[in-house]
Amino acid sequence: MKRILFIVGSLRKDSFNRQLAHEAEKMIGTRAEVTYLDYSNVPFINQDIEFPEPETVNQLRTKVKEADGIWVFTPEYNFSYPGHVKNVFDWLSRPLVAGDYDTKTVINGKKVALSGAGGKMATAKCREKLTELLTFIKADVMELQTGVALNVEAWTEGRMILSDEQLKNLKEQAESFLKFIE
Ligand SMILES: Cc1cc2nc3c(=O)[nH]c(=O)nc-3n(C[C@H](O)[C@H](O)[C@H](O)COP(=O)(O)O)c2cc1C
């Protein structure tokens, strides 16, 4: 069975992006094994501690290596992706051995899907910049993405309600991603 690693780009307990991820997980159902990446213990990237890699980074790399695909659900922070999301990909972009740029990194060639829930621009800038970052580190980013412009109740009452169209887009993305990682 194919394995998909979900990365939720929000640390917030009631994160709308996490809720979006749960919806996608339901849509995938039993057709792939979904796990959520816990990156809360991954330190800030620091070249002083790169070699040997910290144990938490080793675990991060192993999870990425074992996954057939990665699906990122992230909020947009100030027209970009959150810093902690970049931190994860910065670690993944680095060699295992100092100066070894010949061995492929675990993110090289990895298939990635992007989704995000946010303001009325539906995280478009965030996903654009994340696509740029991921392409730079040689990940294979799927073109079809889902952007959710959050409903009014999300902002006023903390209650995210996905429209039929948003759910349809997410479903289409889930179907495409399952094919993309085949
Ligand atoms: C530092 C910061 C910057 C933000 N900048 C943006 C932004 O540029 N665009 C946007 O749509 N929402 C922005 N927001 C609002 C988030 O979309 C909103 O808080 C959303 O609920 C966060 O996702 P989450 O519910 O998954 O945590 C920002 C929030 C924070 C904390």
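A brief report on the enclosed structure follows.

Each value, and the rule that gives it
- Residues numbered from 1 in each chain as written.
- Predicted model: local features only at pLDDT ≥ 70, side-chain atom pairs only at ≥ 80, totals over all residues.
- Heavy atoms only, no water.
- Helix = DSSP H or I, 4+ residues; strand = E, 2+ residues; numbered from the N terminus.
- Buried < 20%, exposed > 50% of the residue type's maximum accessible area, 1.4 Å probe, protein only.
- Contact = heavy atoms within 4.5 Å.
- Axes fitted to C-alpha atoms, helices over the stretch in contact; angles between N-to-C directions.
- Parallel < 35°, antiparallel > 145°, perpendicular 65-115°, else oblique.
- Nonpolar A, V, L, I, M, F, W, Y, C, P; charged D, E, K, R; others polar.
- 1 Å grid on protein atoms, 1.4 Å probe; cavity = no way out; pocket = protein on both sides within 12 Å on 5 of 7 lines; lining within 4 Å.
- Points joined across faces, edges and corners; volume = space filled by probe spheres on them.
- Near = heavy atom within 4 Å.
- Polar contact = N/O pair within 3.5 Å; in protein donor to acceptor, adjacent residues only side chain to side chain.
- Core = buried A, V, L, I, M, F, W, Y, C linked by side-chain atoms within 4.5 Å.
- Expected span 1.5 Å × (residues − 1).
- Arc of directions from axis to C-beta.
- Phe/Tyr/Trp six-rings, centres within 6.5 Å; stacked < 30°, edge-to-face > 60°.
- Lys NZ or Arg CZ within 6 Å of the ring centre and 35° of its normal.

Some remarks on the environment of alanine 117
Here comes step 1: Residue placement: alanine 117 occurs in strand E4 (residues 111–118).
Here comes step 2: On the accessibility criterion, alanine 117 (4% relative accessible area) is buried.
Here comes step 3: Excluding anything up to four places from it in sequence, alanine 117 contacts Asn17, Leu20, Thr74, Pro75, Thr123, Val148 and Leu150.

Quick look at the packing of helix H2 (residues 55–66) against helix H3 (residues 83–92)
Here comes step 1: Orientation of H2 relative to H3, taken along the N-to-C sense of each, is 85°, at an axis distance of 10 Å. One way to sum up the angle between H2 and H3 is to call them roughly perpendicular. Facing Val57, Leu60, Arg61 and Val64 of H2, the residues of H3 in contact are Val88, Trp91 and Leu92.
Here comes step 2: Grouping the constituent residues of the contact of H2 with H3 by class yields six nonpolar, no polar and one charged.

A look at the layout of surface pockets
Here comes step 1: Within this model, the largest pocket holds a volume of roughly 290 Å³.
Here comes step 2: Considering the residues around the largest pocket, the lining is formed by 14 residues, among which Ser93, Tyr101, Thr105, Ile137 and Lys138 are closest to the centre.
Here comes step 3: Split by residue class, the lining of the largest pocket holds five nonpolar, four polar and five charged.

A short note on the site of the ligand
Here comes step 1: Near the ligand you find 13 residues, and of these Ser10, Arg12, Ser15, Asn17 and Gly119 are the closest.
Here comes step 2: Between the ligand and serine 10, the relevant distance is 2.6 Å, taken from an oxygen atom to a side-chain nitrogen or oxygen of the residue.
Here comes step 3: Of the residues contributing to the shell around the ligand, the split by class is five nonpolar, six polar and two charged.

So, the nonpolar core
Here comes step 1: Counting 28 residues, the largest nonpolar core has Leu60, Ile70, Val72, Phe89, Leu92, Leu130 and Leu134 as its most contacted members.
Here comes step 2: Elements represented by at least two residues in this core include exactly strand E1 (3–8), H2, strand E3 (69–73), H3, E4 and helix H4 (124–136).
Here comes step 3: Considering each element in turn, this core owes the most residues, five residues, to H3.
Here comes step 4: Not counting chain neighbours up to four residues away, the residues in contact with leucine 134 comprise Phe89, Val112, Leu114, Ala139 and Val141.
Here comes step 5: With 26 residues, the next largest nonpolar core counts Phe6, Ala113, Ala154 and Met160 among its residues.

Some remarks on helix H1 (residues 16–28)
Here comes step 1: Spanning 13 residues, H1 covers 19 Å between terminal C-alpha atoms, matching the ideal 18 Å at 1.5 Å per step.
Here comes step 2: Of the residues making up H1, those classed as buried are Phe16, Asn17, Leu20, Ala21, Ala24, Met27 and Ile28. One side of H1 carries all its buried residues, which in axial view fall inside an arc of 145°.
Here comes step 3: A distance of 3.1 Å separates the backbone nitrogen of asparagine 17 from a side-chain oxygen at the start of H1, and that oxygen is part of serine 15.

Here's the deal with the environment of arginine 18
Here comes step 1: If you trace the backbone, arginine 18 turns up in helix H1.
Here comes step 2: Each C-alpha atom, one on arginine 18 and one on glutamate 172, is 19 Å from the other, the two residues being 154 residues apart in sequence.
Here comes step 3: Leave out the neighbours within four places in its chain, and arginine 18 touches Val8, Ser10, Leu11, Arg12 and Lys13.

Side note on the packing of aromatic side chains
Here comes step 1: As enumerated under the stated definition, the model contains six aromatic pairs in all.
Here comes step 2: Where phenylalanine 6 meets tyrosine 36, the ring centres are 5.3 Å apart and the plane angle is 70°; that geometry is what we call edge-to-face. Note that phenylalanine 6 is positioned in strand E1 and tyrosine 36 in strand E2 (residues 33–36), a separation of 30 residues in sequence.
Here comes step 3: Aromatic rings pair up to connect Phe6, Tyr36, Trp71, Phe73, Phe177 and Phe180 into one cluster.
Here comes step 4: For the cation-ring pair, arginine 12 lies above phenylalanine 16, with the distance from its terminal atom to the ring centre recorded as 4.9 Å.
Here comes step 5: Cation over ring: lysine 111 sits above phenylalanine 180, and NZ or CZ is 4.8 Å from the ring centre.

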